[in-house]
Amino acid sequence: MYRFKQSLHFFKKPNSTIRRFSNLQNAGPMASLLKTRSVIRFTGPETVKFLQGLVTNDVRRLINSQPEDRTNLTATNVPFVSVPPVYAALLTPQGRFLFDMFLYRPAKGVEMLDKDGSGPGAENEEVEVFADVDGSELDELMQTLKKYRLRSKVDIESVADDFSCWQRFGQDLSQKSSEEPDTASLGWGGGFDPSGQSSSQGNNRGWLWHRDPRLDCLGFRGIFPSNTTPPLVEADKETNEENYLLWRLEKGVAEGSAEIPKGEAVPLEYNLAGLNGISFDKGCYVGQELIARTHHRGVIRKRLLPLKFVSDSGKEAEQKVAPKSEVIDASSGKKAGTVTTALGSRGLGLLRLDDAFKGSLTVRGLDDVKVQAIKPDWWPAEWLSDQQEQTAAA
C-alpha cells in the first residue's frame, strides 16, 4: 500500500471491529475515521474576508445561508439552519496546488434552539470557521496561512486534538437521498434517532454529517469532537481508512498533497473544477490568473483518471505498481502519463486524454501489467472530444 507514509499506522479503537474490504462494489454504508486529516479553526471578524482572498472557492457561502439550508428537525443540539461545507484549495502564486481543505461554519446560537427548546438561542457574534485539512502538511499549512494573514483580524489555531474528521460512504450512500434534505444531512435515515442526536452533540454545536461537497457518490463528511462517536458509526459500520481511499480511487478523486503533488499539480488537470472546488466568478485569490486563463482557453489535454492494473490473463495485479510509475502506450512506446496513487490493483493516474483509452497501456518496466483507464460516470461530456468519448465507451 503506497498512499500512506510509513510512519502512519491505523489502530483499532478499543472494543470495536475495524473492517477491511477487498471489493467495495456492493459494500456499505460504512464510516471511516480519517486519521490522515487534521482540523484548523479560524476565528475573528475578518475570517471570511481572509479566506475569500486566499482559496479557490467562494467562502461567502458559509455566512450567507439559503432557504434550502433550513431543516425541519427540532432538537436542542441540532441546528435548524445547516450550511453545507465548502471544498477549496490553496495555490501557489503561479497557480499550482498546495493544500486542499473542507471549510465548515458551525451553527450560530440563533440557528439552534435554546436548552429548553422554547426558541432560538443567544446570538454569537464571533465568526468561526473550521477546516478539515491534510494532517501530514499541518505545520507547513499553518505557516503558510500565518504568512498571508499580515494584519487581518483573524486567529488561526490547530484543534487537531479536539476534533476529528469522518467520512460515511458506500453503495447505499452514493446517490442523492430521496429522504428530506435535513435527515439526509444528518445521516440518520428516515427517522430521528435520539441516541444519534446525543452522539452528534459537541460543545452545544450540534455537529452534523453533510453531503460531501465534491460529489454525491462520495457520501457524507463531517467534523466531530474527538471524544464522541458520530451518528450511525456502530462497531460493525466502522472500517479502515484504506477502504475510503479505495472508494475514492474507484471514483477518480484525489485528496491531499500526497495524491495531488504539492507545488506541481495544475488544479484543473486534477479535476477540481468538476469537484466543486473552484469558483470562476468569485473575484481574485492567490493563483487565480493561471486557473482563469486555462479555464477560458478550454483546452485541458491531461486529466486525472481511475486506473485498474491487470495481468495478461485479465486478473487484477495486486501491489505491483507504485506511484510515479510511467504509463506508456505499448503500441508506440511513448509516455501516456504517470501513476499518482496506487493501492492494490487500483490507482489514479494523470494521463493524456488522447492516449488514455486506447487499450494498449502498460507500466514501464512491468510488461506483464496492463493499465486500464476508466472514465468516471460523473465526468461532464465536454471534458472529452467526440473521438475520445467513443474510445472511452468502447
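Just above sits the structure.
Below or above, wherever it landed, is the structure these notes cover. Computed from a prediction, not measured in an experiment: that's the story for all the values here. (Residues numbered from 1 in each chain as written. Predicted model: local features only at pLDDT ≥ 70, side-chain atom pairs only at ≥ 80, totals over all residues. Heavy atoms only, no water.)

A closer look at the overall build of the chain
Item 1. Each helix and strand in the chain was counted, giving eight helices and 15 strands.
Item 2. Across the 394 residues that make up the chain, the buried fraction comes to 55%.
Item 3. Contacts in the chain between residues far apart in sequence, at least 24 positions, make up 74% of those at least 6 positions apart. (Helix = DSSP H or I, 4+ residues; strand = E, 2+ residues; numbered from the N terminus. Buried < 20%, exposed > 50% of the residue type's maximum accessible area, 1.4 Å probe, protein only. Contact = heavy atoms within 4.5 Å.)

Section: the sheet that holds strand S9 (residues 220–225)
Whether parallel or antiparallel, the strands of a sheet pair through hydrogen bonds between backbone atoms.
Item 1. Reading across the sheet, the four strands line up as S1-S7-S9-S8 and stay open at both edges, with antiparallel pairing between neighbours. Of all strands in the sheet, those bounded by a partner on one side alone are strand S1 (30–33) and strand S8 (210–211).
Item 2. Sheet strands touched by helix H5 (residues 241–251): S1, strand S7 (163–169) and S9. Its angle to S7, the strand with the most contacts, is close to 55°. (Pairing = 2+ DSSP bridges. Axes fitted to C-alpha atoms, helices over the stretch in contact; angles between N-to-C directions.)

Brief notes about the side chain of arginine 221
Item 1. Its place among the elements puts arginine 221 in strand S9.
Item 2. Within polar-contact distance, the side chain of arginine 221 engages the side chain of aspartate 132 at 2.7 Å.
Item 3. Engagement of the side chain of arginine 221 in a polar contact is seen with the side chain of glutamine 167, the distance being 2.8 Å. (Polar contact = N/O pair within 3.5 Å; in protein donor to acceptor, adjacent residues only side chain to side chain.)

Side note on the packing of aromatic side chains
Item 1. For the coordinates displayed, the defined rule picks out eight aromatic pairs.
Item 2. Seen from their ring centres, phenylalanine 169 and tryptophan 247 are 5.9 Å apart, and the 45° between their planes marks the pair as tilted. Of this pair, phenylalanine 169 sits in strand S7 while tryptophan 247 sits in helix H5, placing them 78 residues apart in sequence. For the pair shown, phenylalanine 169 and tryptophan 247 are each scored as buried.
Item 3. Ring geometry for tryptophan 378 against tryptophan 383: centres 5.8 Å apart, planes inclined by 80°, an arrangement best described as edge-to-face.
Item 4. Taken together, the ring pairs connect Phe169, Tyr244 and Trp247 into an aromatic cluster.
Item 5. One residue, arginine 214, lies across the ring of tyrosine 87, its end atom 5.6 Å from the ring centre. (Phe/Tyr/Trp six-rings, centres within 6.5 Å; stacked < 30°, edge-to-face > 60°. Lys NZ or Arg CZ within 6 Å of the ring centre and 35° of its normal.)

So, unusual backbone geometry
Item 1. At leucine 150, a residue that is not glycine, the phi angle is positive and equals roughly 50°.
Item 2. Inspection of the secondary structure assignment puts leucine 150 in the loop between helix H2 (138–149) and strand S6 (155–158).
Item 3. Residue class for leucine 150 comes out exposed when judged on its relative accessible area of 72%.
Item 4. The residue asparagine 271 is not glycine, and still its phi comes out positive at about 70°.
Item 5. With respect to the helices and strands, asparagine 271 occurs in the loop between H5 and helix H6 (288–297).

With respect to H6
Item 1. Listed in full, the buried residues belonging to H6 are Leu290, Ile291 and Thr294. Looking straight down H6, one finds its buried side chains confined to an arc of 100°; they lie on one side. Exposed and facing more than 90 degrees away from the buried side of H6 are Glu289 and His296.
Item 2. Of the surrounding elements, those touching the buried residues of H6 are strand S3 (86–91).
Item 3. A positive phi of about 75° marks glycine 298, the residue just after H6. (Arc of directions from axis to C-beta.)

Some remarks on the nonpolar core
Item 1. Core analysis: the largest hydrophobic core is formed by 70 residues, its most contacted members being Phe130, Ile223, Leu272, Leu305, Phe309 and Leu351.
Item 2. Per element, the largest residue contribution to this core is five residues, and it comes from H5. (Core = buried A, V, L, I, M, F, W, Y, C linked by side-chain atoms within 4.5 Å.)

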